[in-house]
Amino acid sequence: ILQLVTACSYVGEQGHMALLGHSLAAYISVLERERLRKLTTRILSDTTLWLCRLFRYENGSAYYHEDDREGLVKMCRLAINTHYEDYATEGFTLLSSKHPVIYQSAACRPGLGQHLCSQLGLPLSSLCIVPCNTMFGSLHQMDVALLDKLIRDDRESGKLPLLLIANAGTPGAGHTDKLSRLKELCVQYNMWLHVEGVNLATLVLGQVSSTVTAATKCDSITLTPGPWLGLPAVPAVTLYRHEDPALSLAAGLTSSQPVEKLRALPLWLSLQYLGHDGILQRIKHASQLSQQLLEHLKTLASIKTSVGELDELNSPVVVFRFSQDNSARKFPFLGCMCLGEQLAQQVPLSGVDVVELEDEGTCVRFSPLMTAAALGTQENDVAALVEKLGEMIPVLSCTLRFRQDFKDEVLQKASLSYIEDQSWPGLGGVRYEARTTDLDEDKRQYRVERINSDLLKKLMELDTDLYFSDGPEFCEEKNCIFIGMATEDLDVAELVETIVSIGRDIEESGKLFENMTEVVRRGIQEAEQQLQKANEEKLMEEGVLRQIPLVGSVLNWFSPVQASVKGRTFNLAEGQKLFRRHGAGSDSVSDTSSVSQLEESFRETAHVQAIDAEEAEVPQEHHVHIVAEMALSDQHTS
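Since we're looking at a predicted model, the values are computed, not measured. Note on numbering: residues in each chain are counted from 1, in written sequence order. Local features in a predicted model are, by the rule used here, given only for residues with pLDDT of at least 70; side-chain atom pairs are given and counted only at 80 or more, and totals for whole chains, interfaces and linings are based on all residues. In computing side-chain properties, one takes all heavy atoms of the structure into account and sets aside hydrogens as well as water.

(A) How the structure looks around the sheet that holds strand β13 (residues 428–432). As summarised here, the arrangement of the four strands in space is β12-β13-β15-β14, forming an open sheet in which the pairing is antiparallel. A strand with exactly one partner marks an edge of an open sheet, and here the two such strands are β12 (416–419) and β14 (468–469). Note: two strands are recorded as paired if DSSP finds a minimum of 2 bridges between them. A run of DSSP states H or I qualifies as a helix once it reaches four residues; a run of E qualifies as a strand once it reaches two. Both are numbered from the N-terminal end. Bridge analysis of β12 against β13 gives four bridges, and the strand direction is antiparallel. Residue L416 lies in a different strand from β13, and its bridge partner there is Y432.

Below, the structure is given as structure tokens:
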């Protein structure tokens, strides 16, 4: 509930209007049937009329749907019903005689074609992927000449070209296909042309590029006003033109159920609240943010935009990547991935993300039409993005330049292993390997884990600007240390030598501790064995009967045992002799020598006392009395 309240606090007034629409739809659905029919018809017709006027789509109808792919599915059904007249009665048996083909650009969103075939019950062979340009024009635009050839080949093989999916703003780079030329091909081969993309939002502006304006002449377009205007939980809209209402009904585009028409109510309320000026201002603001960022990117030498100059002037999507002559070519994925992730974390209101393009590879994308309304992105956020970008470029350049040097230095050290991870935004990773070969694999892995864990803690305590970590979250390598970004004054050789030195100290101290533990363990085992041996000797000397409590006391009374006192010592100082520093002189005084002298003095004193005791005169009666008392004491104790 707390998270829900927090999320609602970020929803603006226009968002509350959209949410209010869902509540009103529930109340309106219980009205009397005739009143409900009139009200829903009015809401649906008004919303459709406003959208057609806003986006310059004359004489169009509208289909409102929650899944933004559902409108395209309905358009395919409409095209099938149009080309196969008996499809409503004969069904898919008609398709076997003339196989339908759906064409889509290679730059379309992933999985779109597969979703269409799944929903329509068509085999994947009905889907034809049209490659983008390779020689002329944008690398993200559909190759029109190749499309023409594919259509002619399919017609000659007895197939039916059914529908073409084009882009007015590709999902990755925001490019627009040559819609005018594609429309001519579709008219020539009697195909349905459907257009989707973020650039369709610019149709509401006063000045629109001719490439995007051509979408208003297509057979259908899909709009997503929710993210464009920052409206939560509003449906997507597919505008289309078709003259036969019966075929539209057969395709599921119209419904006689009034409740179905209430899907448009949240969007109807939001459009009423924003008004024409409010909608225009939001779209215009997003386009201006793109242009602002684009102008600043042109001043940065190491940043390259991946779109053509013509598309930069028209597209509200800006895609750029980090580019450097030498080092970035070795690690192209690393530079852009690092750049995108850092910018997204440090300037979250910018809404930038990382995309993977077919030709340019990993790039950073800024698409304010999809994010600015929800995040509230402003000009100062773009300025902060540019400022942070300017700070990161020198650091990123140094990191990429030193990355190979770091790898070379690590490979020269026998005690280090280099960890290759292209997703890590830094110098790279290392692992300190244990030099002991007499251990089994489990013990060796445990020692490596402990050494590298302690080594990471020691490195993190150093007074340095470098960042040390145990690696990415999904790194396959374990027990590693990853070093972050570097600055110009970094001494790579000194860094690697420091890692080796600290690792060696940790390893040696660990061996010392293990050796001391082994000495103590063996000493304890030896003492236990000696105690067990003493108990056995006592048993053999005194006999079994003396070990029985009552009988033993009586025997000890009549025949006392004259047992010699035996003792055992456990000298920890003897084990310490193994760990003395090499080269220490014999005349030097140590703790061990002090202990030995103390023991020798104690032995001499005990010897003198024993001689004095033997020379002393003790009466015989007193001696017998003492023995009797000792026997009684043993009996009570038993």
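(B) Focus on helix α9 (residues 179–188). Within the span of α9, buried status applies to L179, L182, K183, L185 and C186. The buried residues of α9 occupy an angular sector of 160° when the element is viewed end-on, so they sit on one face. Every exposed residue of α9 that faces more than 90 degrees away from the buried side is listed here: V187 and Q188. Residues are treated as being in contact if the distance between any of their heavy atoms lies within 4.5 Å. For α9, the elements touching its buried residues are α8 (144–156), β4 (160–167), β5 (192–196) and α10 (210–213). Just downstream of α9, N190 is the residue with a positive phi angle, here 55°. For every residue, the accessible area (1.4 Å probe, protein chains only) is compared with the maximum for its type, and the residue is labelled buried under 20%, exposed over 50%, or partly exposed between those bounds. Each direction from the helix axis to a C-beta atom contributes to the arc, which is the arc of those directions.

(C) Spotlight on the side chain of N167. As for its position among the elements, N167 is in strand β4. Residue classification places N167 among the buried residues on the basis of a relative accessible area of 2%. Setting aside residues no more than four positions away along its own chain, N167 makes contact with S105, A107, C108, H175, T176, D177, L179, V195 and E196.

(D) Seen up close, the packing of aromatic side chains. Pairing of aromatic side chains requires ring centres within 6.5 Å, counting the rings of Phe and Tyr and the six-membered ring of Trp. Pairs whose planes differ by under 30 degrees are stacked, by over 60 edge-to-face, and all others tilted. Applying the stated rule across the entire model yields three aromatic pairs. In this analysis the charged atom, NZ for Lys or CZ for Arg, is taken to sit over a ring once it is within 6 Å of the ring centre and within 35 degrees of the ring normal. Sitting over the ring of Y57, R241 keeps its end group 3.8 Å from the ring centre. Across from the ring centre of F402, 5.1 Å away, lies the NZ or CZ of R401, which sits over that ring.

Fair warning: the whole summary comes from geometry, so function is off the table for now.
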